[in-house]
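Architecture and fold: a report
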Amino acid sequence: MTKHDVTPPQQPARRFTVAADGTTKGDDGASGGLAASLRYACRVAGQLEFLTGAGDLEWVSTVSSTTVTARVGWTLAREVTLSAEVEAGEPRASKEFTVVGGADVHAALGHCMQRVRQLLGTHWSAVITGDKRVVGAAVPQSGSGVLDSMAALPEVGVRALAVLGALEERYRETCVLLDYQRGTMLVAAIGDHALYAFADKLDARVVSEVVDEVRAILVPAQVADADTIATGQEAIDPVEPVETPPVAAPVPVQPAGMRFRAAQPRTSRWGRRRD
């Protein structure tokens, strides 16, 4: 008797490119919507060089049942170019955790920041609410960059929220990974809020388990009620919109001094330069 393979054939990956002027070639599977959203997300994420000294954004990848992987380029005029691939896979089952109740939201946030640092080896991590308040953070305990790191957390967090807002949930179910010249930033949705962290290098498999654990511990409604932590920046700057697709969030204006300081060669205060 002949045995037939009943496994459905795997769909080939869709590929597309985005030129500096926004022109798209190829198939993103969303009639150009994904290409426009991804371009915006990269423009927002690329601004972190001016805040953190992380270097240029080089790659964007998502951990999801439908994954997006994009090689990012920059023109001399700081316009973004993309070469991207979209691939559908099997849905990932979230790891289950037993959460002991009783801890208040601030204790839960502190525990999550500690776990992120321990398991991912991050230089810093934070949680920002949907209304742009940093409610949890872990930064280096000493060194000249501590105050700068804390002061930049709100503005970095606003961009983390914008990256999540630009991409449909199906593309970033677990998280988004942003690879810069000097490290990788993790961005993951916690309800309407965001967990974001920076490390020299991140393993997507470990990241997935850590995100599952944080989501199991943090209740989005409680996170929304958490107190704002002191970061050295009392308020986020006024908003200046960037040319974006309708789903994208506005981007705040950056202080000129902080922006142009990044043009000088230096080691990132957010982490060591990777070999």
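Residues numbered from 1 in each chain as written. Predicted model: local features only at pLDDT ≥ 70, side-chain atom pairs only at ≥ 80, totals over all residues. Heavy atoms only, no water.

**So, the overall build of the chain**
Each helix and strand counted, the chain has seven helices and twelve strands in total. When the 275 residues of the chain are sorted by exposure, 45% land in the buried category. When contacts within the chain are restricted to residue pairs at least 6 apart in sequence, long-range pairs at least 24 apart make up 66% of them. (Helix = DSSP H or I, 4+ residues; strand = E, 2+ residues; numbered from the N terminus. Buried < 20%, exposed > 50% of the residue type's maximum accessible area, 1.4 Å probe, protein only. Contact = heavy atoms within 4.5 Å.)

**Observations concerning the pairing of strand E5 (residues 80-88)**
Bridge analysis of strand E1 (residues 14-18) against E5 gives five bridges, and the strand direction is antiparallel. For arginine 15, the partnering residue across the bridge sits in E5 and is glutamate 85. With nine bridges joining them, strand E4 (residues 66-74) and E5 adopt antiparallel strand pairing. Across the sheet, the residue bridging to threonine 66 is alanine 88, located in E5. Linking E4 to E5, which pair antiparallel, is a turn of five residues; within it arginine 78 sits at a positive phi near 65°. (Pairing = 2+ DSSP bridges.)

**Overview of the packing of aromatic side chains**
Aromatic ring pairs: the centre-centre distance and the angle between the two ring planes describe each pair. Summed over the entire model, instances satisfying the criterion amount to two aromatic pairs. Ring plane angle 10° and centroid distance 6.1 Å describe the contact between tryptophan 124 and phenylalanine 198, whose orientation is recorded as stacked. Separated by 74 residues along the polypeptide, tryptophan 124 in strand E6 (residues 124-128) and phenylalanine 198 in strand E10 (residues 193-199) bring together distant segments of the chain. Three or more aromatic residues joined by ring pairs make a cluster, and in this case those are Trp124, Tyr196 and Phe198. In this structure, arginine 78 packs its charged tip against the face of tryptophan 74, placed 4.4 Å from the ring centre. (Phe/Tyr/Trp six-rings, centres within 6.5 Å; stacked < 30°, edge-to-face > 60°. Lys NZ or Arg CZ within 6 Å of the ring centre and 35° of its normal.)

**Topic: the pairing of strand E9 (residues 183-190)**
Buried residues dominate E9, accounting for eight of its eight residues. With burial as the criterion, each face of E9 is covered, one bearing Gly183, Met185, Val187 and Ala189 and the other bearing Thr184, Leu186, Ala188 and Ile190. Both strand E8 (residues 175-180) and E9 contribute to a ladder of five bridges, which runs antiparallel. Bridge pairing links leucine 177 to leucine 186 in E9. Pairing of E9 with E10, which is carried by seven bridges, proceeds in the antiparallel orientation. Bridge pairing in E10 places methionine 185 opposite phenylalanine 198. Counting the residues between successive antiparallel strands, the hairpin from E9 to E10 contains two residues, one of them, glycine 191, with a positive phi of roughly 65°.

**Quick notes on the sheet that holds E8**
With antiparallel pairing, ten strands are arranged side by side in an open sheet as E2-E1-E5-E4-E3-E8-E9-E10-E6-E7. Each end of this open sheet is capped by a strand with a single partner; those strands are strand E2 (24-26) and strand E7 (134-138). Along the sheet, successive strands turn relative to each other by an average axial angle of 15°, direction set aside. Sheet topology note: the strand E3 (residues 57-63)/E4 ladder contains three bridges and is antiparallel. The residue of E4 that forms the bridge with serine 61 is threonine 69. (Axes fitted to C-alpha atoms, helices over the stretch in contact; angles between N-to-C directions.)

Bear in mind that shape data such as this cannot, by itself, settle questions of function.
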